[in-house]
Amino acid sequence: MTKLSTLAEAVASIPSGAHVALSGFAITRCNMAFAREVIRQGIRRLTVSQCVGAMDADMLAGAGAVERIIYGGGSLDRFGRLNCVNRGIEEGTLVAEEYSSLSLAFRYLAGALGLPFIPIRSLRGSDILKRLQELAPAEIGYVDDPFTGDNWLVLKPLIPDVAVVQVQVADEGGNAWIMGPRWDNEEQVKASKRTIVITEHLVPTEVIRREPERTLIPGFRVSHVVHLPFAAHPTSVYRAYDYDAEHIRHYAEATKTPEGFQKYLDKYVYGVQDHWGYLELVGGLKHLNNLIADPILGY
Amino acid sequence: MTKLSTLAEAVASIPSGAHVALSGFAITRCNMAFAREVIRQGIRRLTVSQCVGAMDADMLAGAGAVERIIYGGGSLDRFGRLNCVNRGIEEGTLVAEEYSSLSLAFRYLAGALGLPFIPIRSLRGSDILKRLQELAPAEIGYVDDPFTGDNWLVLKPLIPDVAVVQVQVADEGGNAWIMGPRWDNEEQVKASKRTIVITEHLVPTEVIRREPERTLIPGFRVSHVVHLPFAAHPTSVYRAYDYDAEHIRHYAEATKTPEGFQKYLDKYVYGVQDHWGYLELVGGLKHLNNLIADPILGY
Amino acid sequence: MKSEPEYTPFELMAVAGARELKDGEIVAVGLGLPVVATFLAKRTHAPHITILFELGVVDPEPIHTGVGLADPRVWYRAKILSSFVDMLGMVLHRGLVDVGFLGGLETDAYGNLNTTLLGDPKGKFRHFVGSGGANDIASSARRTIIIIRHEARKLNEAVSFVTSPGYLRGYGERASAGLQGGPSRVITDKAVFGFDPESKRMRLESIHPGNTVEDVLANLSFQPIVPDAVSTTEPPTAEQVRLIREEIDPERVYAG
Amino acid sequence: MKSEPEYTPFELMAVAGARELKDGEIVAVGLGLPVVATFLAKRTHAPHITILFELGVVDPEPIHTGVGLADPRVWYRAKILSSFVDMLGMVLHRGLVDVGFLGGLETDAYGNLNTTLLGDPKGKFRHFVGSGGANDIASSARRTIIIIRHEARKLNEAVSFVTSPGYLRGYGERASAGLQGGPSRVITDKAVFGFDPESKRMRLESIHPGNTVEDVLANLSFQPIVPDAVSTTEPPTAEQVRLIREEIDPERVYAG
């Protein structure tokens, strides 16, 4: 059963107000083409979640598409802060439910396993927990360990409406492989009600059947497969292409002010018709060719 | 740091009374050479655990090396029952703590994740649970879900003293890959205090570094690496060799009576000096060559 | 050369099982007739079924017959090879399995299944295969289908050990134990049973061609609900029989 | 051409960090000086150290400098590429991480770390990177080592937001919160601090060559415990400096 669709179709399946888990980590495997299309389609009031905040969430937040971010903190690595997310938090226009990497990963894991709650040692004694107790008291609880009597913090499972995941390889049924570290992506997908796969390479199911140990995302969880090369640009996709340092630097600079970011959006999001127009705008074939990963190094 | 050792050395590291998690599932990737050496060394009073009982546990139980089996039921697939395990349970000489596949997998998972307890929907209303309440009341408890008020069965983490795992590929540091389905092996290893890896193929660490996504067993959890071809015989190792149907049929027949099994032990365990003697006895090069897996089919 | 029968009782059971599956469903199966039934459904009316084996196998396409789930023959050409936690945890316990197929030593008037032991658990008994994933499937699948031979010793008022819960002692008892779902069908070589929506007691749904209500009841150790009119089970089509014999179970290991 | 200094303050910090690691330990690190310190230890006295990055990377051998954990350059030649749940769950939360290296916006007299925000959390504040895996490491590692610049605004009596707990307000407060372990060292570019075993307040352990107690205290916003005699931090050897400059951080991204 083919689930192949255009990016526009896949994005249009997401209603305003949905909870979307995003696969990015800082500046790698971010859903950038997806974010640009969400903004173009004017989808609003999203909840976005990811263990470590990344450029995909930042762009969506900056464009006003996000009402709530559930994350464990994040940055653009050495390129700078998540300016849009941070500004939203500082100005009170963005609700930030902040965790640590593991506590959010455990919430996804509990969702994936169908657990009603999951105990954790993290967060104890911290101000992260104090803020959660104020901001999201329904997501945390306490339980006495029946074996030792110790009191444990427990977290509620997190079940996003849809996970959007940038992968290297998928078939048209949505069976997909992720190369490199997977951070929270497996648990995001397996906790979510459905998944949109955005893939660099589309392969016959025959290829999937040849190394089935690698299939991290099962087709039966996937609603849309979007085959879109360079969909994570300007972030990197291991074994496909490197991050575009120059463009990320430009983004980090532009997002320092709302006006700067608006200009960025006007040019790179609203100023192009689609992903192919965007790729031409950022430098086209010649520029992108410089980013293609070395097959041995993977970057 | 090389962890390479002989089978005899690895087995000698296990004291009588230890809890050993075994990697076998029915008649595949069973720790057979390991079991034979445990019996030869006279190690006793073991607790063995595995989600689905397999030939490795059956042989150890039959030889009187096992005091308690923690498992989810099991068989030799179409070759028959686990005669030694079943006889031990029927005669009361073997304590059987019986679960379902998932409930035991969840106990390993809780051990692996450092969770104090893990909730589960399985076992409710069943006689499996009633028996556990009598036999192993300290392993199960009840907790009220702080989010819904529902009462949940929770299980205690299971932390074996040592996991013994038959793999296809490992380096001398113990980093190892498992080809094919992995059933409970990852969680067994990651719950256990240490791991003994028994590998068909020994590869340079360079090979491990080439596809690090496949490394299921981290070297830092491993105390011994035993490089021993055909170590799972007569059970199968996916992509290495097929099960030896004729030999398993002989075993299933022999284990129908204690006398029959004693004769089997006298011949195949006590009657040989070591694993190489065993391989000669069961048919040597010519016979084993027939079992070698087709590289395309994997069996 | 003897002429082939139109179909064997096992083939009819497989076809009746296949008929219960809807396209797009996720099905957890053990080996044997359930696999034949599921592959048959997948090759006929339900091509988008997903098949799971508990140890970590999704949608294999075996070309040789295996001796059990542990046989790499039945993993051949899978789309996913993973683990118990992935299959039974992240799919089944997560609530995504639509149908589980189960078999056993005996079942009872409320669809409870025993695969553990026969005799007196506190006294003399004979111990068998135990649960494996059966209890998990019976607890978390949206519905289960039981496939079992029609013999008096296998169909009892109560089983001697509840390995995998059906409706326990009927009515709301399964729900009180905190379980949803439950068995929807029991398929034997003589009949198909359902369950009374209220009492949850087994109810005769259809009788296989060539059998009578008397045959069915004579080989049962309890009294199921027998409606006034009982239909006849639809027999396999020639194409279904051909698929089973030529493609799905050519060695006749499962479907006799 | 100017002659190279014997060593930079950052190189000294890296060497002091390396010295804290024992052979065979499992070390969870973020990027920056901690990576330099850990690779240095691995190439000198502690070849069997295991290095973990939270996103799922074990024992990489990078040959190019990365911009952060998200950079595939720092995953190069890893032995394992996996996930948060594998690293932070099955190693760290399982209790197997010996040492965690942490840095931040500010730390305090009890080794609490803030990487979240500066200002008034209920009023005007500036928000930064947040926890990532830092809180998890501070909560579950057997001990943590804090590496931070020696500036008055970064070393305060109390932090404005406890992202990653140290000894909270001292004495038994960390244990009361249900946490074991805790920070063992704070390494700055002027000194190495430990913690008083009783009160858990920061205590000066050694002063880097060229600094005085006065320098150290003048650039602190709280009063640490100062023993009567404070030793001098052992300077890097020529070989340590060579390894850092030529092999570990040839682009001088981290160690200045």
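Thresholds applied
Residues numbered from 1 in each chain as written. Chains lettered and ligands numbered in written order. Predicted model: local features only at pLDDT ≥ 70, side-chain atom pairs only at ≥ 80, totals over all residues. Heavy atoms only, no water. Helix = DSSP H or I, 4+ residues; strand = E, 2+ residues; numbered from the N terminus. Rg over C-alpha atoms; globule rule 2.2 N^0.38 Å. Contact = heavy atoms within 4.5 Å. Areas by Shrake-Rupley, 256 points an atom, 1.4 Å probe, with all protein chains shown as cover. Lys, Arg positive; Asp, Glu negative; His and termini not counted. Charge placed at Lys NZ, Arg CZ, Asp CG, Glu CD. Buried < 20%, exposed > 50% of the residue type's maximum accessible area, 1.4 Å probe, protein only. Buried area = accessible area lost by both parts, 1.4 Å probe. Salt bridge = Lys/Arg side-chain N within 4 Å of Asp/Glu carboxyl O. Polar contact = N/O pair within 3.5 Å; in protein donor to acceptor, adjacent residues only side chain to side chain. Phe/Tyr/Trp six-rings, centres within 6.5 Å; stacked < 30°, edge-to-face > 60°. Lys NZ or Arg CZ within 6 Å of the ring centre and 35° of its normal. Core = buried A, V, L, I, M, F, W, Y, C linked by side-chain atoms within 4.5 Å.

*Asks:* Explain the overall build of chain C to me, and be specific about the residues and the numbers.
*Replies:* Counting its regular elements, chain C contains 7 helices and 15 strands. Scaling as 2.2 N^0.38, a compact globule of 256 residues should have a C-alpha radius of gyration of about 18 Å, and chain C matches this with 18 Å. On the principal axes, the C-alpha backbone points of chain C span a range of 45 × 40 × 35 Å. Considering only contacts in chain C between residues 6 or more positions apart, those separated by 24 or more positions represent 63%. Total accessible area on chain C is roughly 9200 Å²; 51% of this is exposed by carbon and sulfur atoms. Positive and negative side-chain charges of chain C, numbering 27 and 32 respectively, have mean locations separated by a distance of 3 Å.

*Asks:* Got a sec to walk through helix α7 (residues 238-248) of chain C? Specific residues and values, please.
*Replies:* Because the α-helix completes a turn every 3.6 residues, residues three or four places apart line up on one side. Residues of α7(C) that are buried include every one of Q240(C), V241(C), L243(C), I244(C), R245(C) and I248(C), and no others. Among the structural elements, α1 (9-19) and α2 (33-43) of chain C are those in contact with the buried residues of α7(C).

*Asks:* Can you explain the interface of chain A and chain D? Please cite residues and give values.
*Replies:* With 53 residues of chain A in contact, the opposing surface of chain D contributes 51 residues. Note on chain A versus chain D: buried area summed over both sides is about 4300 Å², and carbon and sulfur give 60% of it. It is R78(A), R121(A) and Y299(A) in chain A that bury the most area against chain D; as a group they hold 16% of the surface buried on that side. Counting every contact that joins chain A to chain D gives 2 salt bridges. For E134(A), the salt bridge identified is with K122(D), shortest N-O distance 3.1 Å. In this assembly, chain A and chain D are joined by 30 residue pairs in polar contact (both at pLDDT 80 or more). Listed by contribution, the elements that provide at least two residues to the side of chain A that touches chain D are α4 (83-91), α5 (101-113), β5 (118-120) and α6 (127-135) of chain A. Sorting elements by how many residues they give to the side of chain A that touches chain D places α5(A) first, with 6 residues.

*Asks:* Explain the packing of aromatic side chains to me, and be specific about the residues and the numbers.
*Replies:* Here the structure, examined in full by the defined rule, presents 26 aromatic pairs over all chains. When the ring of W183(A) is compared with that of W75(D), the centres are 6.0 Å apart and the planes differ by 55°; the resulting orientation is tilted. Taken together, the residues span two chains, with W183(A) in the loop between β9 (176-177) and α7 (185-191) and W75(D) in the loop between β3 (57-58) and β4 (80-81). Exposure remark for W183(A): the relative accessible area of 1% places this residue in the buried category. According to the relative accessible area criterion, W75(D) is buried, its value standing at 1%. Between Y299(A) and Y76(D) the ring centres are 6.4 Å apart and the planes differ by 85°, which places this aromatic pair in the edge-to-face class. Note that Y299(A) is positioned in the segment after α12 (284-289) and Y76(D) in the loop between β3 and β4, a pairing that runs across two chains. With respect to class, Y299(A) is no different from Y76(D); both count as buried. Among the aromatic side chains, those forming a connected cluster through ring pairs are F25(A), W183(A), Y238(A), W75(D) and F84(D). Positioned above the aromatic ring of W152(B), the side-chain terminus of R124(B) is 4.5 Å from the ring centre.

*Asks:* Break down the nonpolar core for me, citing the residues and quoting the values.
*Replies:* Among the nonpolar cores identified, the biggest contains 378 residues, and F34(A) and F34(B) are the most heavily contacted of them. Setting aside chain neighbours within four positions, we find F34(A) in contact with L7(A), V11(A), I14(A), V20(A), L22(A), V164(A) and I198(A). F117(A), V154(A), W152(B) and V154(B) belong to the second largest nonpolar core, which has 8 residues in total.

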